[in-house]
Amino acid sequence: MKPAVSALAVWLNGQFVPAEEARVSVFDRSFLYGDGLFETIRVYRNRPFLWPEHLTRLHAGAAVLRLHVPFNDSELTAAATELLQRNAQPESLLRLHLSRGVGRRGYSIQGADSPTLVLTQHPVTAPDPAHPLRWRLITSSFQLLVGDPLAAAKTANKLVQILAKSEAEDRGADEALLLNSAGHLAEASSSNLFWFEGETLCTPPLHAGLLAGVTRAFVLSLAHALGLETQERTATTGSLTAAAGVFLTTSSLELVPAVSLDGTPLRESPHTRRLHMAYQQFVAHGTP
């Protein structure tokens, strides 16, 4: 049985087409090798949140992969705006996918000079204030590489994260924690990691091998605005079990507290709720 296809429109290489009619070549390098990038942006009231920051990360990742972005920021902004208007889903996720496109067979990028760029929109379920999310974590057997230069790019090759997430699901958990090759905390399969040591908000440093999350950076800026001390520091899982609170950040779900790690209960800090309220206040009014 074929999966159901959304009736939403998509933007494909400058053209708006129905989702069921959108086509990409089977020789596209993103399909063959994961040779591409993507960004997932939360849309509130038909406005992509932190859109400039996502575009900045897209360009940084494209530079790492030596990928050409075939449309400028003004063109992408206009395309995103019209796509959101066409689809009329004011609360949603906007996904931007950039592939190197079709090239010669093999790993060489020579001749692959016609990138594919797609914007798609996806429904999102807003968190229920009466039943806030609480994630159970497991420690994945997969690891990230310390100082990996590819960590700066949100690449289309996410096999480590996919398999880590599968481990979490197999063990009845919600998310998988990824350590790096030195045994230190890095990130989770689809989110960035934070914890409180007393009143100090901590998060692993970028050189630990994690993706520089747009929401991660925004939460750090919120913490500064609220007068919280922040620190990027190398740590082990013992820091989480001893922490005053642990939470994860992702563009689609904002802040999600973690309640356990490998079956060990974790504390919840009131500062997590304070930060989340400031986040939602900024979304609603543009100020924490």
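Residues numbered from 1 in each chain as written. Predicted model: local features only at pLDDT ≥ 70, side-chain atom pairs only at ≥ 80, totals over all residues. Heavy atoms only, no water.

Some details on the pattern of salt bridges
When their charged atoms lie close together, side chains carrying opposite charge are able to pair.
Then comes step 1: In the structure shown here, the tally under the stated rule is 10 salt bridges.
Then comes step 2: Where Glu39 meets Arg57, a salt bridge forms, and the shortest distance between an N and an O atom there is 2.7 Å. Pair noted here: Glu39 is in strand E3 (residues 36-44) and Arg57 is in helix H2 (residues 51-65), with a separation of 18 residues, a long-range link. Like Glu39, the residue Arg57 is buried in the burial classification.
Then comes step 3: The residue Asp262 makes a salt bridge to Arg171 at a minimum N-O spacing of 3.2 Å. Placement of the pair is Asp262 in the loop between strand E14 (254-261) and strand E15 (264-265) and Arg171 in the loop between helix H4 (159-170) and strand E8 (175-180), with a sequence separation of 91 residues.
Then comes step 4: Residue classification places Asp262 among the partly exposed positions, given a relative accessible area of 38%.
Then comes step 5: Take Arg171: its relative accessible area is 49%, and that puts it in the partly exposed class.
Then comes step 6: Connected via shared salt-bridge partners are Arg29, Asp35 and Arg100. (Salt bridge = Lys/Arg side-chain N within 4 Å of Asp/Glu carboxyl O. Helix = DSSP H or I, 4+ residues; strand = E, 2+ residues; numbered from the N terminus. Buried < 20%, exposed > 50% of the residue type's maximum accessible area, 1.4 Å probe, protein only.)

A look at the sheet that holds strand E1 (residues 9-12)
Then comes step 1: The six strands lie next to each other as E2-E1-E6-E5-E3-E4, forming an open sheet whose pairing is antiparallel. Unpaired on one side and paired on the other, strand E2 (15-18) and strand E4 (47-48) mark the two borders of the sheet.
Then comes step 2: Of the strands in this sheet, E3, E4 and strand E5 (92-99) touch H2, which is tilted by about 175° from E3. (Pairing = 2+ DSSP bridges. Contact = heavy atoms within 4.5 Å. Axes fitted to C-alpha atoms, helices over the stretch in contact; angles between N-to-C directions.)

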